[in-house]
Every structure is written in structure tokens, then in C-alpha cells.
Amino acid sequence: MQNSASTTRRSRFTMPDITSLALWAFGLIILIWVIFRTVQTVRSGVYGIDTWAYQFVNGSVQGAMYALIALGYTLVYGILFMINFAHGEIFMIGAYAGYFAIKAFDDAGYLDSNPILTLAVCFFIGMLTPLISAVFLERIAYRPLRRAPRLVPLISAIGASFFLQQAARLLFGIRIKVYPSVPILEGSWQIGGVIIRHLGVFIIVVAIAMMLALQILVQRTKIGRAMRAVAEDKDTAALMGVDVDRVIMITFAIGGALAGAAGVMWGLWFKQVIHTMGFIPGLKAFTAAVLGGIGNVPGAMLGGFFLGLVEAILPTALDISTQLKDVIAFGMLVLVLIFRPTGIMGEVLSEKKA
């Protein structure tokens, strides 16, 4: 018995291999350099408190939109254990749908006279259209491949991504479409020299409200329990009376609606919509989902805000060009995965999937 126990203890304290040690050393060097540069920049006083606050607000707005998109990735991964690479194009469809809705109201003169109703309709159409698109995508491109090897639906997702992007190019043209300004969201508050735009606060508040609603839906409702049961074990859930196909379809619908809302927010914030706009935000949102812990709903929310804030604040902290924000974002992903491969909050996987 003693020999067996000592063998068990020895097996728990295995030495890390040379590759792991090198990766940890590399990560530590980068981390120390980032901290050193940040302290240098802060002590130099080159940026005032207003600049830091401005970047914090910008990062929170960007992070809120990343988080909404990332939730679609993490919900689908949690249930089907696949990466829906067409999700960025679902986000693009939402942005286009919102644009056409708000443009129609603007042309009719309702945007100035009734902006709240216009925004409500814009978000409704901007969420409904990608919701329907996501459901069709699941039904046509993914459901027939559910029992296929993992690589097959992945390739199907990439193909669907290109199809949707090119379809949007043919339907809406290659010219950038510009979102009209919403008068009630164009103002700003000035607090101690810090300018905070109404639109930024609106996006953050609406995004957080949607995330809370999703969390309540997943944790407190019947459909949420069914989603968690299907994520745990599809066959057992089906034996217990859960309609697995319906639950998966609803999961895609929720992810599509959230991505559509993010698309409308993106259009309102950056003003521009084009058929290629889904690629980079989709990739960043996937990064955010991995950072937070793929399959973990609160992790996707945290990862989105974390990535947005890092993108906005770190170029300032390191005193480098903001054009390097993509390098920083993906570098941060590498760093986090070196120190914590399952993401900040860890992956949520059933025993069968793990």
C-alpha cells in the first residue's frame, strides 16, 4: 500500500518538459517587458488622465461588441463542439439589415422625429435577419454533418463564410454604406475633462443588458436547462425527452440575434458597413471566446471586454502606434494560452468531450 501511495505521489509531481519551460520563460519575459514599459509611460506623464479614461471608454465599447459576437461562438461550441467560422458573416448580415432599416426611416424623416422607435425597429430587424440566417445555416450546412468527423463541419463553416460574404457583395455591392447619425446618441458628457459619448454608454448598457438576459435564460429557464443538458450529453438528453434538434436550432438563433445586435452597434459606432466587415471582428470575437474559455458563457463576456480594453489601452501604455493593436490582441492570446491553456475562466466541457 505504501509503495502504491508513494508511486501515486511521485506521478503527481512530474517535471515539466523543456518546451514548457521555454514557453513559460518567453511568456514571463514578455510580461515583464509590458509591465516595465507601462510603468515608464505612466511615470513620464506623456498622457493625461483624460487620455486614459477616453481609451478605457473606447475599449469598453469595443469589448461589449466583441463579447456579444463571442457568445455565439461559445454557445455553439458548448453544444456541438465545433467552431462556427461563418459567425462573423452573420454579424455582417445584422449590420446590413440594421443599415437598411435605419436608412429607410431616415429617408422617410422618422429618424429625427421619432428616434427611439427608429432605433427599436433598427435593432429588431438587425437581430431578426441574422437570427433567420443562422437558423438556415444550421439546417443546411451543419445538421446533415452532425455525425461526421470534426473536420467536415469545420470545412463546411469556412465554405459558408465565403458564400455569405460573396452573396452580400453581389446583393449590396462593393461600396461602403454609411450609417446615418442618430441625433439623441450624438451628444456627450464632459466629466472632469473626460468626454464620454452618449452612443458609447448606450452600447455598453444595451450589451450588458443582453448578456444578463442570456445568462438568466441559460441558468433559470426550461430552454436553458435543455441547452445545458444537450451540451452535457445529446443522447441522454434525447432519452430524457429533450428535442435535441430544436435546442441546437434555438442556440444558433440566440447566437445569430446577439451577433446581429453587435452588427447594428458596430454600424452606429464606426458608421461604415461593407461585405468584408465580418472577418476581423469575427476573428477577434473568436479570440475573446478562447481568452475567456471557449464554451463558457461568462468567460466569453469577460474575454470580450478584456480584449477590447487591451486593444484600446495597451498601445497607449506601451507608447506605440494604435495600428499595432491587432498584434497586441493576438500576442495577448498567445500569452494567456501559455499561462492558462483553458482560458481565463476555463473551458466548460462535459466528460465525454473532455
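Calculation notes
- Residues numbered from 1 in each chain as written.
- Predicted model: local features only at pLDDT ≥ 70, side-chain atom pairs only at ≥ 80, totals over all residues.
- Heavy atoms only, no water.
- Buried < 20%, exposed > 50% of the residue type's maximum accessible area, 1.4 Å probe, protein only.
- Helix = DSSP H or I, 4+ residues; strand = E, 2+ residues; numbered from the N terminus.
- Pairing = 2+ DSSP bridges.
- pLDDT = per-residue confidence, 0-100.
- Contact = heavy atoms within 4.5 Å.
- Axes fitted to C-alpha atoms, helices over the stretch in contact; angles between N-to-C directions.
- Parallel < 35°, antiparallel > 145°, perpendicular 65-115°, else oblique.
- Left-handed = near helix turned anticlockwise from the far one by under 90°.
- Nonpolar A, V, L, I, M, F, W, Y, C, P; charged D, E, K, R; others polar.
- Patch = residues over 30% accessible without salt bridge, like charges linked within 9 Å, V, L, I, M, F, W, Y side chains within 5 Å.
- Areas by Shrake-Rupley, 256 points an atom, 1.4 Å probe, with all protein chains shown as cover.
- Salt bridge = Lys/Arg side-chain N within 4 Å of Asp/Glu carboxyl O.
- Lys, Arg positive; Asp, Glu negative; His and termini not counted.
- Charge placed at Lys NZ, Arg CZ, Asp CG, Glu CD.
- Core = buried A, V, L, I, M, F, W, Y, C linked by side-chain atoms within 4.5 Å.
- Arc of directions from axis to C-beta.

Digging into the pairing of strand β3 (residues 194-197)
Working step 1: Judged by which residues are buried, β3 turns out to be one-sided: Val194 and Ile196 face inward and are buried, whereas Ile195 and Arg197, on the alternate face, are not.
Working step 2: Examined bridge by bridge, strand β2 (residues 188-191) and β3 share 4 bridges and lie antiparallel to one another. The residue bridging Gln190 from the neighbouring strand is Ile195, located in β3.
Working step 3: Hairpin connection from β2 to β3: 2 residues lie between these consecutive antiparallel strands, with Gly192 at a positive phi of about 60 degrees.

Here's the deal with the confidence of the model for the protein
Working step 1: Per-chain confidence: the protein averages 86 in pLDDT, with 93% of residues scoring 70 or above.
Working step 2: Here residues 4-8 scores under 50 on pLDDT; set against residues more than four positions off or in separate chains, the count is 0 contacts.

Quick notes on the packing of helix α2 (residues 18-44) against helix α14 (residues 325-339)
Working step 1: For the pair α2 and α14, interaxial distance at closest approach is 10 Å and the crossing angle is 130 degrees. One element, α2, and the other, α14, form an angle in the oblique class. The handedness of the crossing between α2 and α14 is left-handed. Between α2, through Leu23, Trp24, Phe26, Gly27, Leu28 and Ile30, and α14, the contact on the second element is made entirely by Leu335, Ile338 and Phe339.
Working step 2: Of the residues that constitute the contact of α2 with α14, the class distribution is 8 nonpolar, 1 polar and no charged.

Let's talk about the environment of Pro153
Working step 1: With respect to the helices and strands, Pro153 occurs in helix α7 (residues 151-172).
Working step 2: Through-space distance from the C-alpha of Pro153 to that of Tyr142 is 6.1 Å; in sequence the pair is 11 residues apart.
Working step 3: If we ignore the near neighbours within four places in the chain, the residues touching Pro153 are Met82, Tyr142 and Leu145.

Describing a positive patch on the surface
Working step 1: A cluster of basic residues, Lys222, Arg225, Arg228 and Arg246, forms a positive patch at the surface.
Working step 2: Of the residues forming the positive patch, the biggest block, 3 residues, is contributed by helix α9 (residues 222-232).

Here's the deal with the nonpolar core
Working step 1: Core analysis: the biggest nonpolar cluster contains 98 residues, and Met265 and Leu268 have the highest contact counts within it.
Working step 2: Examining the composition of this core, we find that 16 residues originate from one element, helix α3 (residues 49-80), more than from any other.
Working step 3: Leave out the neighbours within four places in its chain, and Leu268 touches Ile102, Leu119, Phe123, Tyr179, Val182 and Leu199.

Section: a nonpolar patch on the surface
Working step 1: On the surface, Trp24, Leu28, Leu31, Ile32, Ile35 and Val39 cluster together to form a nonpolar patch covering roughly 550 Å² of accessible area.
Working step 2: Along the polypeptide, Ile35 turns up in helix α2.
Working step 3: Overall, Ile35 belongs to the partly exposed group, its relative accessible area being 48%.

Considering α9
Helical periodicity: at 3.6 residues per turn, an α-helix aligns residues three or four positions apart in one direction.
Working step 1: Turning to α9, its buried residues are Ile223, Gly224, Ala226, Met227, Val230 and Ala231. Along α9, the residues classed as buried sweep out an arc of 160 degrees about the axis, all on the same side.
Working step 2: Contacts from the buried residues of α9 go to α3, α8 (198-220), α10 (234-239) and α11 (244-270).

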